[in-house]
Amino acid sequence: MSSDPMQQLHSWLKDAHAMEEQAEQMLTAQAKRLEHYPKLQARITQHIDETKSQAARLEECLESMNTSTSTMKDLGGKFAAMGQAIGGSMAPDEVVKGSVASYAFEHFEIANYRALIAAADQLGEIRIKEVCESILQEELAMAKWLEDNLDDVTRAFLARSESDELSGKR
Ligand code: MG
Ligand code: FE
C-alpha cells in the first residue's frame, strides 16, 4: 500500500500527536505519585507543560496541511503498553520503573521527531520541520535530564526502602 508523500507526512504527524496525548496522560499519572521525589516531580511537571504545547504545535501543523482527517486511522491505545509502565504501575519500585520507562519513551519520541524532520525537509515543509526541530530539543533535554538523574532516583528509592525497613514500615 502506498500513499502520496504529503499524506504520509500528515499521517506521521497524526501519530506524533497521538503519542503526545498519550505522553501527557502517562506523565500526569506519574507526577501524582512522586511526592517523595520533588526534583523528579518538578521536572516531570515541566515536561507535562511542554508536552501539552507540543500537541498544540502539532495540531497547528496538521491544520496547516488542510488534509481531510476522516481518512486517518485512530491510533488511540497504540502506546498503552508503554503507558502502563510509565504512569500506571502501582509496584513499590514504580519510581525506578517509571524513570526507566520514561527514559525509553523520550527516545521513542526523539526517533519519531528525527524521522518527521527528515520527511518535512524532503517535502519542503519548512515550518513543519522547524516545529519538529523545536520539539526535538525539548525531548532531548528531557531524555538527558532523566539520564543524569536515574542514578540519584534509584539510590534515593533504595535509601527510602532501607529506612522504611528499619522503622518497621514494611
Ligand atoms: Mg513529547
Ligand atoms: Fe517527551
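Here's a quick rundown of the structure. Since this is a predicted model, take the numbers as computed values, not measurements. (Residues numbered from 1 in each chain as written. Chains lettered and ligands numbered in written order. Predicted model: local features only at pLDDT ≥ 70, side-chain atom pairs only at ≥ 80, totals over all residues. Heavy atoms only, no water.)

In this section: helix H5 (residues 126-166). With 41 residues, H5 extends 59 Å between its outermost C-alpha atoms, agreeing within 8% with the 60 Å of an ideal straight helix rising 1.5 Å per residue. At Asn149, H5 shows its maximal kink, close to 45 degrees. Gly168, located one to two residues past H5, shows a positive phi value of around 75 degrees. (Helix = DSSP H or I, 4+ residues; strand = E, 2+ residues; numbered from the N terminus. Expected span 1.5 Å × (residues − 1). Bend = angle between axes of the 7 residues up to and from the residue.)

Once that is clear, we can look at the side chain of Ser102. Of note, Ser102 is situated in helix H4 (residues 94-122). We classify Ser102 as buried; its relative accessible area is 3%. A polar atom in the side chain of Ser102 sits 3.3 Å from the side chain of Gln30. (Buried < 20%, exposed > 50% of the residue type's maximum accessible area, 1.4 Å probe, protein only. Polar contact = N/O pair within 3.5 Å; in protein donor to acceptor, adjacent residues only side chain to side chain.)

Let us look at the packing of aromatic side chains. The description of an aromatic ring pair uses the distance of the two centres, along with the angle that the planes make with each other. For the structure shown, the criterion picks out 1 aromatic pair. Here Phe105 and Phe108 contribute two aromatic rings whose centre-to-centre distance is 6.1 Å and whose plane-to-plane angle is 40 degrees, an arrangement assigned as tilted. Linking Phe105 with Phe108, this pair stays in helix H4, spanning 3 residues, or about one helical turn. The exposure class assigned to Phe105 is buried, which follows from its relative accessible area of 2%. (Phe/Tyr/Trp six-rings, centres within 6.5 Å; stacked < 30°, edge-to-face > 60°.)

This brings us to the coordination of the iron ion (ligand 2). The iron ion (ligand 2) binds to the protein through His47 (NE2), Glu106 (OE), Glu109 (OE) and Glu139 (OE), with metal-donor distances spanning 2.0 to 2.3 Å. In this structure, the iron ion (ligand 2) is surrounded by 4 donor atoms whose angles at the metal cover 77 to 164 degrees, and the resulting shape is irregular. Positions of the donor residues of the iron ion (ligand 2) along the chain correspond to the pattern H-x58-E-x2-E-x29-E. Between the iron ion (ligand 2) and the magnesium ion (ligand 1), a separation of 3.0 Å is found, and both are coordinated by Glu109. Of this pair, His47 sits in helix H2 (residues 38-65) while Glu106 sits in helix H4; the two residues are 59 residues apart in sequence, bridging distant segments of the chain. For Glu106, a relative accessible area of 2% corresponds to the buried category. (Donors = N, O, S within 2.8 Å, 3.2 Å for Na, K, Ca; no water. Tetrahedral: all angles 85-135°; square planar, octahedral: opposite > 155°, others 65-115°.)

Contact geometry of H2 with H5 gives a least axis separation of 10 Å together with a crossing angle of 160 degrees. Taken together, H2 and H5 sit at an angle that is classed as roughly antiparallel. For the pair H2 and H5, the crossing hand works out as left-handed. Classifying every residue of the contact of H2 with H5 by side-chain character gives 13 nonpolar, 4 polar and 7 charged. (Axes fitted to C-alpha atoms, helices over the stretch in contact; angles between N-to-C directions. Parallel < 35°, antiparallel > 145°, perpendicular 65-115°, else oblique. Left-handed = near helix turned anticlockwise from the far one by under 90°. Nonpolar A, V, L, I, M, F, W, Y, C, P; charged D, E, K, R; others polar.)

Attention shifts here to a negative patch on the surface. Residues Glu21, Glu59, Glu60 and Glu63 make up a contiguous surface patch of negative charge. Among the elements that line the negative patch, the one with the most residues is H2, at 3 residues. As for its position among the elements, Glu60 is in helix H2. (Patch = residues over 30% accessible without salt bridge, like charges linked within 9 Å, V, L, I, M, F, W, Y side chains within 5 Å. Areas by Shrake-Rupley, 256 points an atom, 1.4 Å probe, with all protein chains shown as cover. Salt bridge = Lys/Arg side-chain N within 4 Å of Asp/Glu carboxyl O. Lys, Arg positive; Asp, Glu negative; His and termini not counted. Charge placed at Lys NZ, Arg CZ, Asp CG, Glu CD.)

Attention now goes to the coordination of the magnesium ion (ligand 1). For the magnesium ion (ligand 1), the full set of protein donor atoms is Glu20 (OE), Glu20 (OE), Gln54 (OE1), Glu109 (OE) and Glu139 (OE), and the range of their distances to it is 2.0 to 2.4 Å. Spacing between the donor residues of the magnesium ion (ligand 1) along their common chain follows E-x33-Q-x54-E-x29-E. The exposure class assigned to Glu139 is buried, which follows from its relative accessible area of 0%.

Along the polypeptide, Gln30 turns up in helix H1 (residues 5-32). Classification of Gln30 as buried rests on a relative accessible area of 6%.

Take the nonpolar core next. With 23 residues, the main nonpolar core has Leu9, Leu13, Tyr113, Leu116, Ile128 and Cys132 as its most contacted residues. For this core, the elements supplying multiple residues, two or more each, are H1, H2, H4 and H5. Looking at which element gives the most residues to this core, the answer is H4, with 7 residues. Those residues in contact with Ile128 that lie beyond four places of it in its chain are Leu9, Leu13, Cys61, Met65 and Ala120. Counting 14 residues, the second-largest nonpolar core is a separate cluster that includes Ile44, Val95, Trp145 and Val153. (Core = buried A, V, L, I, M, F, W, Y, C linked by side-chain atoms within 4.5 Å. Contact = heavy atoms within 4.5 Å.)

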